[in-house]
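Structural features, examined
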Amino acid sequence: MTSLLTPLEKNCKMTKKPLQELFDAMYHGKLVFDEFLTSPLAQNYEVISEGGNGKRRILKPKDKFKEFHRFLNLFLIEFLPVNERVVFSYRKGVGPLNAVEKHQRGRHFFQTDIVSFFGSIDQSLTRRIICEGAKYSPISDIEKYIDRIIEMICIDDSLPIGFPASAPLSNCVLFDFDNALEKYCDEHELVYSRYSDDIIVSAQSPDEIFNIVDVIARNLRELVSPRLDINRAKTRFFKVGGRISLLGMMILPNGKISPDTRRKTDLEVMLHYYSTDRARFRSLMEKKKPNLSEDDYEDFLSGHLNYVDSIDKDYTDKLRKKFGTTTIDSLIHKGFAKRK
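The name that an unreviewed UniProt entry assigns to the chain is Reverse transcriptase domain-containing protein, with the source organism given as Massilia suwonensis. Checking UniProt for the chain, the heading Sequence similarities (unreviewed entry) contains the comment "Belongs to the bacterial reverse transcriptase family."

See below:
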């Protein structure tokens, strides 16, 4: 059984050290600890887009601020407890496929997400999660710097999407919720998994699964924060016999998992123009991903293809027959080389 907590929780001989000592040991003077403590926050990121008309405010951290977050991840955030049996987001070696695989034998399904998940994680909640998990960290004097750490992680009293510490911290925020919902599901013969704010529950019969909405909403509110609630507009119940789509994947009637039909269609359109008309391919990518440079178009296609290949290699073989083995394999290998 996978441990809920980090290995260092069990290591009673772990030597804790002051935050500055850990910082200096990591950067050897390349970064200055005083800057970590005092550099004005507003100078460490830029606003990419402002909220309004339903759009979120997007912030981009500058390189030095990314390093500060990386340091916090390595010595603090990654030591906070996560229920690894049910959570498959933002962790090495697992991903959305693992979250869906848990439900291959299900007959009835429930899926929802959390309204404004990152935006609802405020300074108060972040402080509570870090203080509760501080005993697992190798930092000996977190309380001395907790105010600075919190203001570096939460900007304008919310967790910014895209900041290095945001994603791993979001896993930890729901630790008590994950444990409680897992226990409830075990007791009622349900299966639970989570990928970021996407919550999936499956069952063999419909009797218990229809009660899950209230259970989830109550546990979010009582165990995490009154600010958290499920997205009623994106809450779905479905069953075998209909279209079962979870996290961009389909569970087929035989239990096999395959990329969602829309994702397949999207990929095949890109591959068609990539293979036959590069000008049309560039035009398509300009519309699809206006923020990417032309040099990144092929990388995007490669990533899309590698994602599909990780889910269903039989489908990749069909793509080889349709678009040519050389084309498909060169794009897949491009993705491998980039990750290395």
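Having seen the model, we can carry on.
Some thoughts on the sheet that holds strand β8 (residues 249-251)
By definition, the strands of a sheet pair up through backbone hydrogen bonds, in either a parallel or an antiparallel sense. Read across the sheet, three strands follow the order β7-β8-β9 without closing on themselves; strand pairing throughout is antiparallel. The outermost strands of the open sheet, each flanked by one partner alone, are β7 (245-246) and β9 (257-259). Note that β7 and β8 share two bridges and pair antiparallel. By the bridge assignment, Ser245 is partnered in β8 with Met250. Here helix α11 (residues 261-276) sits on the sheet and contacts β8 and β9; the angle it forms with β9, its principal contact strand, is near 45 degrees.

Quick notes on the nonpolar core
Grouped together as the largest cluster of nonpolar side chains are 65 residues, with contacts concentrated most on Ile153 and Ile212. Here the element with the most residues in this core is helix α6 (residues 142-153); it accounts for seven residues. Filtering out sequence-adjacent residues up to four positions away, Ile153 remains in contact with His69, Leu72, Ile77, Thr126, Ile130, Ser158, Leu159, Pro160, Ala165 and Leu169. Core analysis: the second largest hydrophobic core is formed by 16 residues, Leu271, Tyr297, Phe323 and Leu331 among them.

Basis of the calculations
- Residues numbered from 1 in each chain as written.
- Predicted model: local features only at pLDDT ≥ 70, side-chain atom pairs only at ≥ 80, totals over all residues.
- Heavy atoms only, no water.
- UniProt positions renumbered as here; feature names shortened; annotations may be inferred.
- Pairing = 2+ DSSP bridges.
- Helix = DSSP H or I, 4+ residues; strand = E, 2+ residues; numbered from the N terminus.
- Contact = heavy atoms within 4.5 Å.
- Axes fitted to C-alpha atoms, helices over the stretch in contact; angles between N-to-C directions.
- Core = buried A, V, L, I, M, F, W, Y, C linked by side-chain atoms within 4.5 Å.
- Buried < 20%, exposed > 50% of the residue type's maximum accessible area, 1.4 Å probe, protein only.

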